[in-house]
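Report on the structure
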Amino acid sequence: MLSCYLFLIISLMISFRDVRVSASGSNCTENPVFTPSALVVKYGDPANVTCVVCQKDCRGDVFGLEKAVGEVTKNGTTMFWTVDRLTEWGISVMCYYDHVASGQCSSTLDLTLYQPPESVSISFVNHTGMMFEEQQYTLQCSVQNVAPVQNLTVTFYRGNTALGHLQSNSEEKKPVNETFTLNTNSSREDDGAQYWCEAKLELGPAGPQRPPVVTSEKLPAIVHYGPELIGPPNPDVITVTEGDTLHLNCSFVGNPSPSYTWTVPVNSSLSDNGGILTIKSIGFEHEGQYICTVSNTVGTVTKEFNIDVQASPLIWIIAGVSAAVLFVIILCVLCCRFYKQNRKGSYNLKDVLRFPKHTALPLQNCENV
């Protein structure tokens, strides 16, 4: 029976104490004032604050400072709270006084105890190795041993580009491990890029001027994609002159690097260097369609070249010169012939080109011959 009474008395005492701590006094004309008004302390660091209970003469009232840890000293109605090493999470520091007319007036210190992230890491969810173009992947940023987590902002990056900012919905005051995820779509431009994440504690104006920031390691992205043409497409028909050198450019990019196979209309010695096919002296036998097949593990594409060979202008020049030379030779032969027939006297060039006329003789003269 005695134990029941003791339990009841202790419960009532705790209830009255709780009422006094939580009350702020709706009829108070002034409340205790903390300096600074907000205190942000790193876990394990010292802390101190001053509380002026009231501005007027309230020394006759009951006043004090309630705390879970630390020491309190008084100088009149001014209270000094100090702690050498703050390691208690979720504590409350309240300064109060009991006024006869107004009741209890109190103020609770805006106190934040924080712990910067112990480590930050980034990875892909359920994925390792290479990535493929136009696929969705989930990035995961894991933050270890951080508090308060509701003040944490996690930012995902690709290179120097921010992909998204995330915050936790948890209200836990003690250090926790938190994981954040973000979906991203891969593209060929992402090949070789580096993903990473940053965890920052935003502690407000009362916090450090440089908010605590911890970054993850860099996660390189390897994106595989099919062959893609470099440069403009070739014309429908490529016209070249006989004897010239021809270069057919079939350069593609891709990851992994593509391989090249050429299909040509003739079985002759052609020089190819991957995406470049060279014909040093093209002839009419090289006319036709050339097909370049480009492939890698992602896909295969083809590029066609239609070649038309024209005769070289040199042939016409040689033919013209040959005709001119032949004409001169014929002219010289005629001149020599005419000269032999007419060794004496003068002659006209026109006569050289004229054949001699034959005169018909009378029949009777022919009979006498």
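Structure's up top.
Structural notes, computed from the coordinates. In this numbering scheme, every chain counts its residues from 1 along its sequence in written order. At least 70 in pLDDT is required for a residue's local features to be given in this predicted model, at least 80 for side-chain atom pairs to be given and counted, and no such filter applies to totals for whole chains, interfaces and linings, which use all residues. Side-chain figures throughout are based on the complete set of non-hydrogen atoms in the structure, without hydrogens or water.

Turning to the packing of aromatic side chains, a few remarks are in order. Planes of paired rings set the category: under 30 degrees apart is stacked, over 60 is edge-to-face and the rest tilted, where pairs are Phe, Tyr or Trp rings (Trp by its six-membered ring) whose centres lie within 6.5 Å. Enumeration over the complete set of coordinates arrives at 5 aromatic pairs. When the centroid spacing of 6.1 Å and the interplanar angle of 65 degrees are considered together, the rings of F124 and Y137 count as edge-to-face. You can see F124 sitting in strand β10 (residues 119-124) and its partner Y137 sitting in strand β12 (residues 136-146), a full 13 residues away along the chain. For Y137, a relative accessible area of 10% translates into the label buried. Helix and strand definitions follow DSSP, with helices as H or I runs of at least four residues and strands as E runs of at least two, each counted in order from the N terminus. Relative accessibility thresholds used throughout: buried, under 20% of the residue-type maximum; exposed, over 50%; partly exposed, between the two (1.4 Å probe, protein chains only).

Spatial strand order, β1-β3-β6-β5: 4 strands in an open sheet with antiparallel pairing. Every interior strand has two partners, whereas the edge strands, β1 (33-35) and β5 (71-75), have only one. Neighbour-to-neighbour, the strand axes of the sheet open up by a mean angle of 25 degrees, direction not taken into account. Between any two strands, at least two bridges found by DSSP are needed for them to pair. In this analysis an axis means a line fitted to C-alpha atoms, helices contributing only their contacting stretch, and an angle means the value between N-to-C directions, from 0 to 180 degrees.

Take the environment of P227 next. Secondary-structure assignment places P227 in strand β19 (residues 223-229). On the accessibility criterion, P227 (13% relative accessible area) is buried. In sequence terms P227 and G254 are 27 residues apart; their C-alpha atoms lie 4.5 Å from each other. Every residue in contact with P227, bar those within four places of it in the chain, is listed here: F252, V253, G254, P258, V294, S295, N296, G299 and V301. Whether two residues touch is decided by their heavy atoms; if any such pair falls within 4.5 Å, the residues are in contact.

For the rest of this paragraph, the subject is the pairing of β5. Across the 5 residues of β5, 0 count as buried, placing the element largely on the outside. Alignment of β5 against strand β6 (residues 78-83), held across 5 bridges, turns out to be antiparallel. Of the residues in β6, the one forming a bridge with N75 is T78. Following β5, the chain reverses through 2 residues before pairing antiparallel with β6; G76 in that reversal takes a positive phi of roughly 70 degrees.

Turning our attention to the pattern of salt bridges. We count a salt bridge whenever a side-chain nitrogen from Lys or Arg sits within 4 Å of a carboxyl oxygen from Asp or Glu. As enumerated under the stated definition, the model contains 3 salt bridges in all. The closest approach of N and O atoms between E133 and R188, which form a salt bridge, is 2.8 Å. With E133 in the loop between β11 (131-132) and β12 and R188 in the loop between β15 (176-185) and β16 (194-201), this residue pair connects regions lying 55 residues apart in the sequence. Using a relative accessible area of 22% as the deciding quantity, one classes E133 as partly exposed.

With that settled, the discussion passes to the sheet that holds β12. An order of β10-β12-β15 is seen for the 3 strands of this open sheet, with the pairing classed as antiparallel. The sheet is open, and its two borders are formed by β10 and β15, each paired with just one other strand. Across the sheet, the mean angle from the axis of one strand to that of its neighbour is 15 degrees, orientation sign disregarded. Relative to β15, β12 runs antiparallel, the two sharing 9 bridges. Each bridged residue has a counterpart across the sheet, and for S142 the counterpart in β15 is T179.

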